[in-house]
Amino acid sequence: MKKFEMNLYNTEETQGFAENLGAKLWAGAVLLLEGDLGAGKTTFTKGLAKGLGVKRTVNSPTFTIIKEYQGNLPLYHMDVYRVSDSDEDLGFDEYFEGEGVTVVEWAHLIDSQLPSERLEISIFHRGDNERRIEVVPAGEQYERLCEEIFK
Ligand code: ADP
Ligand code: MG
């Protein structure tokens, strides 16, 4: 599988990258976010939300698992860190197949429930403000998207 990567040197760069990505997404797009605590998953999602035209402030849904925002497309922001049973069906499919864009923080924790076509994004902590982002597209639509945003 192809992998696209780049370095991001501050919060604004990460959000700017995510915003540009967000503006190119479609109904039913699914983005998986991996990275340690503090890597920047929620920060990335804030930028993405801006690109989707969401006006409200996006905060971590750690305690609620799923938060929904209205934009040009709806944004379904999930943080599955606290899902204790990885096979428990909390209705994720309805979001993945819904009218909006779904972003899942700690996605591997519900591995068996994830769609096979998706954009896999990993963020690695490199320094106080430096991060490395690695993006693996699964599915043709996502490959085309990567060719576009990394050119
Ligand atoms: P996570 O959701 O992965 O736990 P958060 O996005 O909540 O992480 O926190 C990331 C923190 O790191 C924020 O305080 C953010 O401002 C800071 N930060 C510093 N540099 C960057 C960067 N280049 N990209 C993303 N976040 C960064
Ligand atoms: Mg988070």
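In what follows, the structure referred to is the one given above.
Keep in mind it's a predicted model, so treat the numbers as computed, not measured.

About the cut-offs
Residues numbered from 1 in each chain as written. Chains lettered and ligands numbered in written order. Predicted model: local features only at pLDDT ≥ 70, side-chain atom pairs only at ≥ 80, totals over all residues. Heavy atoms only, no water. Pairing = 2+ DSSP bridges. Helix = DSSP H or I, 4+ residues; strand = E, 2+ residues; numbered from the N terminus. Buried < 20%, exposed > 50% of the residue type's maximum accessible area, 1.4 Å probe, protein only. Polar contact = N/O pair within 3.5 Å; in protein donor to acceptor, adjacent residues only side chain to side chain. Contact = heavy atoms within 4.5 Å. Donors = N, O, S within 2.8 Å, 3.2 Å for Na, K, Ca; no water. Axes fitted to C-alpha atoms, helices over the stretch in contact; angles between N-to-C directions. Core = buried A, V, L, I, M, F, W, Y, C linked by side-chain atoms within 4.5 Å.

A.B. asks: An account of the pairing of strand S6 (residues 118-125) is requested, with residue identities and associated values reported.
C.D. replies: When strand S2 (residues 30-34) meets S6, the two strands line up parallel, connected through 4 bridges. Across the sheet, Glu34 pairs through a bridge with Ser122, a residue of S6. Hairpin connection from S6 to strand S7 (residues 131-138): 5 residues lie between these consecutive antiparallel strands.

A.B. asks: Break down the side chain of Thr42 for me, citing the residues and quoting the values.
C.D. replies: Note on placement: Thr42 falls in helix H2 (residues 41-51). The exposure class of Thr42 is buried, given its relative accessible area of 17%. A polar atom in the side chain of Thr42 sits 2.7 Å from the side chain of Glu105. Non-local contacts of Thr42, meaning those with residues more than four positions away in its chain, are made with Asn59, Ser60, His77 and Glu105.

A.B. asks: Which residues make up the coordination of the magnesium ion (ligand 2), and what values go with them?
C.D. replies: Ideal values differ by geometry: the angle at a metal is 109.5 degrees with four tetrahedral donors, but 90 or 180 degrees with six octahedral donors. In the first shell of the magnesium ion (ligand 2), the protein supplies Thr42 (OG1) and Glu105 (OE), at 2.2 to 2.3 Å from the metal. You can see Thr42 sitting in helix H2 and its partner Glu105 sitting in strand S5 (residues 101-105), a full 63 residues away along the chain. We note that Thr42, like Glu105, is buried.

A.B. asks: Residues and numbers for the sheet that holds S2, please.
C.D. replies: Sheets are built from strands that pair by backbone hydrogen bonding, the pairs being arranged parallel or antiparallel. The strand order across the open sheet formed by 7 strands is S1-S7-S6-S2-S5-S4-S3, and the pairing between neighbours is mixed. Both outer strands of the open sheet, strand S1 (4-8) and strand S3 (66-69), are each paired with one neighbouring strand and no more. Across the sheet, the axes of successive neighbouring strands diverge by a mean angle of 20°, strand direction being ignored. Here S1 pairs with S7 via 5 bridges, running antiparallel. Along S7, the bridge assignment pairs Glu5 with Glu134. Contacting S1, S2, S6 and S7, helix H1 (residues 11-22) crosses the sheet at an angle of about 140° to S1. Helix-sheet contacts for helix H4 (residues 140-149) involve S1, S2, S6 and S7, and the interaxial angle to S7 is about 145°.

A.B. asks: Describe the nonpolar core, with residues and values.
C.D. replies: Membership of the largest hydrophobic core comes to 45 residues, with the highest contact counts inside it found for Leu21, Leu31, Phe44, Leu48, Leu75 and Ile121. Once residues lying within four places of it in the same chain are set aside, the contact partners of Leu75 are Thr45, Leu48, Ala49, Leu52, Val54, Val58, Lys67, Glu68, Tyr69, Val101 and Val103.

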